[in-house]
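Observations on the three-dimensional arrangement
Here are the chains, one letter per residue:
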Amino acid sequence: MDTTDSRSLTLIGAGLAGSLLAILLSRRGWNVTIYERRGDPRIKGYESGRSINLALAERGRHALRAAGVEEAVMRQAVMMRGRMVHALDGSTTLHRYGRDDSEVIWSVHRADLNMTLLEAAERAGATIHFHRRLHTVDFDAGYARLIDDRDDQPHDIRFDTLIGTDGAGSALRAEMVHRAGIGERTEFLDHSYKELTIPPAPDGGFMIEPHALHIWPRGRYMCIALPNDERTFTVTLFLPNQAAPGSGDPCFASVRSGAEVRALFARDFPDALPLIPDLERDWENHPPGLLGTLYLDTWHMGGRAVVLGDAAHAMVPFHGQGMNCAFEDCVALADAMDRHGSLAEAFAAFEAERKPNAAAIQAMALENYIEMRDLVDDPDFLLQRELEQALQARHPTRFVPHYTMVTFMRVPYAVAHERSQVQRRILVDATRDRSDLSCIDWDSLARRIHAELDELEGAH
């Protein structure tokens, strides 16, 4: 590393990405200080309006291994083998994510994960200051002002380099936009969400199958439930903000009261209704959450500042990759800082590597919303899925399912997105006007696959 760069780094945000990055950089000899606007969750309880559980997949696990904390995290994780689809008549069907239990995802508790990472960051040598909200930054002078919201007292600091790990509402990004015009735009979905809870069963166990991500798909809207280690489920209901004209669909504009949401569940999610005893109270007390995709033209300002994770590329949650992508960012940034002679070069290289991949997973997350709410019980989609599995068995190094590439491998997201589009065209063409896979021309399909898809490294 060039001597013009100090070995001191200031991170804004001690959430999941900030605490993981602090571990990786502290272990490389950097002097890391983190400022976090909230209180210490280990002391005062976890403050968050965000989902209390998240889907951990291979990209995230790889980053946790690099930080030496995978074992501690996995002790608290709940395996999810696939999507448990709940039909309107109450019947259920499990759609496996992969071929067997080696290809699963894991539900992890956000607060427990954050506390595990904070402990590890401090053990690695990072210094963490809580109740410090970034207020203003003078990039030229290297000064920043932070505010303690408990008493409105300002705290001024000197910095060499700022790294923004402070999420979708990033205060550092706002300062970078103000100072350098880094081309920020957010595209909001016309859907929002509310979170509800399924408590443990009277005997202390899970009320429904724990090793699955439960989905109640209903066309333009849906409900999902993820298991928690304490035998609860976090339920998320996604609805349009306004109903499409003439559709009669429920929406946040029409479902306001506890009585209205109970009527909605009785009609559209009848098997879920008895599982959520506090439905009306939770509905009336929890505001709807927004769903948006954040795009930036530029992620860094020379060697002075850089943003990553949700602060750089927030995405909708429908692929379960937000945290995994942010953790992958952390590893990529630390590696870039190892490889390059200055922080300015490292940040530029990091952005060049990660920006196309972030754009790809943002696009795939939007596509996955339509799949989850509208296609998982669609006969054409299910036939394509059946063919996808057959082609994977016949051509394991070439025809690798979309979900496998994104979730169980570390193929660059941009590569996974490009290959998935090719594969989707093959599946659609091969199943058009068919109700089953009899009379499929396997030789013709094999020729097309060999012509359009190279072998994928790491596939088997």
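As shown above, the structure is provided for reference.
An account of the accompanying structure is given in this report. (Residues numbered from 1 in each chain as written. Predicted model: local features only at pLDDT ≥ 70, side-chain atom pairs only at ≥ 80, totals over all residues. Heavy atoms only, no water.)

1. So, the overall build of the protein chain
Put simply, the rule is: Comment: elements are numbered from the N terminus, with helices defined as DSSP H or I runs of at least four residues and strands as E runs of at least two. Each radius of gyration is computed over the set of C-alpha atoms, and the globule rule expresses the reference value as 2.2 Å times the number of residues to the power 0.38. Any two residues whose heavy atoms approach within 4.5 Å at even a single point are treated as in contact. Methods summary: accessible areas were calculated by the Shrake-Rupley approach with a probe of 1.4 Å, and residue burial reflects only the protein chains presented. His is not counted, nor are the chain ends, whereas Lys and Arg count as positive and Asp and Glu as negative. The location of each charge is read from NZ of Lys, CZ of Arg, CG of Asp or CD of Glu.
The secondary structure content of the protein chain amounts to 15 helices and 19 strands. Here the protein chain has a C-alpha radius of gyration of 23 Å; the compact-globule value for 460 residues is 23 Å, and the two agree. The dimensions of the protein chain, computed from C-alpha atoms along their principal axes, are 70 × 55 × 45 Å. In the protein chain, 70% of the contacts between residues at least 6 apart in sequence involve partners at least 24 apart. Carbon and sulfur atoms make up 48% of the accessible area of the protein chain, which amounts to about 19500 Å² in all. Positive and negative charge centroids in the protein chain, built from 50 and 68 side chains respectively, lie 1 Å apart.

2. Points about the sheet that holds strand 3 (residues 53-56)
Strands belonging to one sheet form pairs held by backbone hydrogen bonds; the direction of such a pair is parallel or antiparallel. To be explicit about the condition: Note: two strands are recorded as paired if DSSP finds a minimum of 2 bridges between them. Lines fitted to C-alpha atoms define the axes, with helix axes restricted to the stretch in contact, and inter-axis angles between N-to-C directions lie between 0 and 180 degrees.
Ordered by their spatial adjacency, three strands build an open sheet running 3-7-4, and the pairing between neighbours is antiparallel. Each having just a single partner strand, strand 3 and strand 4 (78-80) make up the two edges of the open sheet. Looking at each pair of strands side by side, their axes are set apart by 35° on average, direction ignored. Bridge count for strand 4 against strand 7 (residues 105-109) is three bridges, and the pairing is antiparallel. Bridged to Met 79 within strand 7 is Trp 106. The sheet strands contacting helix 10 (residues 322-339) are strand 3 and strand 7, and the helix crosses strand 3 at an angle near 60°.

3. Some details on the packing of aromatic side chains
Cut-off, in case you're wondering: Each Phe, Tyr or Trp ring (for Trp, its six-membered ring) is paired with any other whose centre lies within 6.5 Å, and the angle between the two planes then decides the class: stacked below 30 degrees, edge-to-face above 60, tilted in between. Buried means the residue's accessible area, taken with a 1.4 Å probe over protein chains only, is under 20% of the maximum for its type, while exposed means over 50%, and partly exposed covers the values in between.
A complete count under the given rule lists nine aromatic pairs for this structure. On the basis of an interplanar angle of 90° and a centroid distance of 6.4 Å, the ring pair of Tyr 221 and Phe 269 is categorised as edge-to-face. A residue pair is termed long-range when its members are at least 10 positions apart, and Tyr 221 in the loop between strand 14 (213-217) and strand 15 (222-227) and Phe 269 in the loop between helix 7 (258-268) and helix 8 (279-285) qualify at 48 residues. The two residues Tyr 221 and Phe 269 agree in class, both being buried.

4. Structural notes on the pattern of salt bridges
What counts is decided by this rule: What counts as a salt bridge is simple: a side-chain nitrogen of Lys or Arg found within 4 Å of a carboxyl oxygen of Asp or Glu.
Scanning all chains against the criterion turns up 33 salt bridges. Residue Glu 328 pairs with Arg 354 through a salt bridge whose shortest N-O separation is 3.0 Å. You can see Glu 328 sitting in helix 10 and its partner Arg 354 sitting in helix 11 (residues 343-375), a full 26 residues away along the chain. The pair formed by Glu 328 and Arg 354 is uniform in burial state, with each residue classed as buried.

5. Looking at unusual backbone geometry
A negative phi angle is the norm for most residues apart from glycine, just as the trans form is the norm for most peptide bonds. Even without a glycine there, the phi angle at His 131 is positive, about 55°. Tracing the backbone shows His 131 in the loop between strand 8 (127-129) and strand 9 (133-138). Of the residues examined, His 131 reaches a relative accessible area of 15% and is grouped as buried.

6. As for the packing of helix 12 (residues 379-394) against helix 15 (residues 442-452)
The test is simple: Convention used here: angles under 35 degrees read as roughly parallel, angles over 145 as roughly antiparallel, angles from 65 to 115 as roughly perpendicular, and any remaining angle as oblique. Note on residue categories: nonpolar means Ala, Val, Leu, Ile, Met, Phe, Trp, Tyr, Cys or Pro, charged means Asp, Glu, Lys or Arg, and polar means any other residue, Gly included.
The N-to-C vectors of helix 12 and helix 15 enclose an angle of 70°; their axes lie 12 Å apart at closest approach. Of the possible angle classes, the one that applies to helix 12 and helix 15 is roughly perpendicular. In this structure, helix 12 contributes Leu 387, Ala 390, Leu 391 and Arg 394 to the contact, and helix 15 contributes Trp 442, Leu 445 and Ile 449. Class assignment of the residues belonging to the contact of helix 12 with helix 15 gives a composition of six nonpolar, no polar and one charged.

7. Considerations on the sheet that holds strand 15
If you walk across this open sheet you meet the seven strands as 6-5-14-15-16-13-17, and the pairing is mixed. Among the strands making up the open sheet, the edge pair consists of strand 6 (92-96) and strand 17 (289-296). Shown here is a sheet whose adjacent strand axes are inclined to one another by a mean of 25°, direction ignored. Here strand 5 (residues 82-86) pairs with strand 14 via three bridges, running parallel. When the bridges of strand 14 are listed, Arg 83 appears paired with Leu 213.

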